[in-house]
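Residue-level structure breakdown
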Amino acid sequence: MSEPNLIQGDTTSGATKQREPHHLRRVLIIWAILSILGIVVVVAFTGFVLPAPASDIGTSSNFTLLLLTALAVPVAMFVFVFLAYSMIVFRVKERPTEDGAFLKPRPMLQIGWMSITGALCLFLLIWGLFGFYQNTVAASANPLIVQVTGQQWLWTFYYPQYGVSSQGQELDLPVNRAVQFNVTSKDVLHGFSIRSLGVRIDANPGQTTTIPAFTPTQIGNYSV
């Protein structure tokens with residue numbers, strides 16, 4: 001005859017035994033609450049961190065960064081909450097003398113895990129392809145061409161349509177005219193970025209990378 005399950009109030013040898021709490025449910029509740037709070041904080045404070053957009057792709061670039069950061073909050077919280085809960089709830093003072101309980105994989109848990117991670121990867125792929133398509137379709141027929149060359153420790157900007165060049169951190173661009181960067185490097189890998197304009201690309205030695213044309217919309221001084 002099988003032994004009945006013990007619940008709160010059952011006694012054995014005068015000692016009261018309580019049912020083990022549902023740890024997974026606790027962790028998921030904590031994870032959901034912290035994820036919601038984290039997303040609210042990200043949405044509320046991103047506007048104070050990101051620079052004001054100064055081009056047609058700057059706005060979409062800021063929104064993409066906000067969206068991906070918000071999506072990263074639940075993923076990061078999933079790791080942090082499970083780790084912190086395990087360290088606090090299952091901590092022991094002495095060195096363990098035996099292995100933990102054997103974990104048996106559950107098919108539905110594996111399917112759910114693969115489905116969620118696969119959906120996130122597919123979403124990122126579609127979002128990136130859609131953004132690339134938008135930039136390609138919106139490209140101007142007569143953009144201002146700027147050849148950007150990185151070297152230690154300065155940039156060279158050459159305007160082939162005008163036959164002039166400049167060195168250093170000074171880059172002059174017209175407002176409300178499409179601009180196209182052709183970026184390369186003379187020595188090592190460099191990172192070419194104008195955050196307010198939504199421009200960010202690597203300068204690779206011996207290789208020229210073309211950034212789809214964009215249009216500056218705000219007059220001002222922006223960091224390269």
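Basis of the calculations
Residues numbered from 1 in each chain as written. Predicted model: local features only at pLDDT ≥ 70, side-chain atom pairs only at ≥ 80, totals over all residues. Heavy atoms only, no water. Phe/Tyr/Trp six-rings, centres within 6.5 Å; stacked < 30°, edge-to-face > 60°. Helix = DSSP H or I, 4+ residues; strand = E, 2+ residues; numbered from the N terminus. Buried < 20%, exposed > 50% of the residue type's maximum accessible area, 1.4 Å probe, protein only. pLDDT = per-residue confidence, 0-100. Contact = heavy atoms within 4.5 Å.

**Considerations on the packing of aromatic side chains**
The description of an aromatic ring pair rests on the distance of the ring centres and on the angle between the ring planes. The full count for this structure, using the stated rule, is eleven aromatic pairs. Measuring from centroid to centroid gives 5.6 Å for Phe 78 and Trp 113, while their planes differ by 40°, and the two rings are tilted. Of the two residues, Phe 78 sits in helix α2 (residues 56-89) while Trp 113 sits in helix α3 (residues 107-137), which places them 35 residues apart along the sequence. Aromatic pair Phe 157 and Phe 192: ring centres 6.3 Å apart, planes at 55°, arrangement tilted. Taken as a pair, Phe 157 in strand β4 (residues 154-159) and Phe 192 in strand β7 (residues 190-194) lie far apart in primary sequence, 35 residues in all. Classification of Phe 157 as buried rests on a relative accessible area of 0%. Joined through ring pairs, the aromatic side chains of Trp 155, Phe 157, Phe 181, Phe 192 and Phe 214 make up one cluster.

**Some details on the confidence of the model for the chain**
Overall, the prediction assigns the chain a mean pLDDT of 83, with 90% of residues at 70 or greater. Scored below 50 in pLDDT, residues 1-17 makes twelve contacts in the model with residues more than four places away or belonging to other chains.

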